Amino acid sequence: MRLFLASCALLCGASALLRAAPQRRAAPRTLRPRAATLDGSSVGALPETLSKLVAAMAGLPDDKYRYKQLLFWAAEAPDLAAGDKVDANKVPGCLSTVHVTAALDGDGRVVLAGDSDAQLTKGLVVLLVKGLSGATVEEICAVDPAFIRDAGIAASLTPGRNNGFVNMLNVIKAKARALGGGDAPAAPAALPGQRPPTAPAGPFVMVAMSGLGGLPFFLLPGGLSKRSAGLANALAAGVMLSASYTMIYEGQVAGPKAVVSGLFLGARSCGARGSSSRAART
């Protein structure tokens, strides 16, 4: 009965989240910028196409619509050829697997392509590919990463994804510089006020906290009281629920049926493990 109630609660919650989340089919195919005030000065120094995309993203009503546009770009973008998904094209320091390629066309302008195994990250890759393809090597190398703030995207991304975005841009710059013979000057490598991107620390912190969470049970002779254990479980459930919302939000690109089916299977799996654990204790 408890498994059934938990599954129903998850399904109801998922339905509510999916109704609130933007649907991919409703995304516009062409961004139409509204009047927007940009608090940074990077847009004027960007290649023309990227400048238009940044202004259009900044003109969208809120973060929900910006997420929707990124997810739509990811859904419509072609996959990178398997032969291009090699270590030489891999972007380091990203939470997801990202590959980027660069080449010169007949006019000496850079042509980019990219892909990722995560839809939101792929949308960020597509933003760079759309905005920088057709630019010169010098224009690409002069791009200031602060434009992500002007676009209104940075505030809604996790620190890991912000670092990953800067890493993508730096790899594109390095590839463009190599195509141009390595003579183009480099622009800032990180967002203002941000340390240069390194390997994301988030996963390491999460692993460490997961391990430390068991210490009270070993250090306290009588273990935790029922009240303390209940509060700790409630806190852990809240953290997991907030993380689950992010995954549901990104997963809705696959459609509501796929997301709800995954939640139901996950609930059954957790219920089965809980039943096995209770049986072992008895």
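This text follows the structure it describes.
Residues numbered from 1 in each chain as written. Predicted model: local features only at pLDDT ≥ 70, side-chain atom pairs only at ≥ 80, totals over all residues. Heavy atoms only, no water.

**Notes on the overall build of the protein**
Link 1 in the chain: Across its full length, the protein carries 11 helices and 2 strands.
Link 2 in the chain: Long-range pairs, those at least 24 residues apart, make up 69% of the contacts in the protein with a sequence separation of at least 6.
Link 3 in the chain: By element, 61% of the accessible surface of the protein is carried by carbon and sulfur atoms, the whole surface being about 16,000 Å². (Helix = DSSP H or I, 4+ residues; strand = E, 2+ residues; numbered from the N terminus. Contact = heavy atoms within 4.5 Å. Areas by Shrake-Rupley, 256 points an atom, 1.4 Å probe, with all protein chains shown as cover.)

**Some thoughts on helix α7 (residues 159-179)**
Link 1 in the chain: Its 21 residues give α7 an end-to-end C-alpha distance of 30 Å, which sits within 8% of 30 Å, the value for a rise of 1.5 Å per residue.
Link 2 in the chain: Across the 21 residues that make up α7, a large majority, 15, are buried.
Link 3 in the chain: Positive phi appears at Gly181, one or two residues downstream of α7, with a value of about 90°. (Expected span 1.5 Å × (residues − 1). Buried < 20%, exposed > 50% of the residue type's maximum accessible area, 1.4 Å probe, protein only.)

**Regarding the pattern of salt bridges**
Link 1 in the chain: Applying the stated criterion to the full structure yields 7 salt bridges.
Link 2 in the chain: Taking the shortest distance from any N to any O, the salt bridge between Lys130 and Glu76 comes out at 3.9 Å. Placement of Lys130 in helix α4 (residues 119-132) and of Glu76 in helix α3 (residues 63-76) is noted, with a sequence separation of 54 residues between them.
Link 3 in the chain: When its relative accessible area of 36% is taken as the criterion, Glu76 is described as partly exposed.
Link 4 in the chain: Each of Asp79, Lys85, Asp115 and Lys122 takes part in salt bridges that share partners, so that together they form one network. (Salt bridge = Lys/Arg side-chain N within 4 Å of Asp/Glu carboxyl O.)

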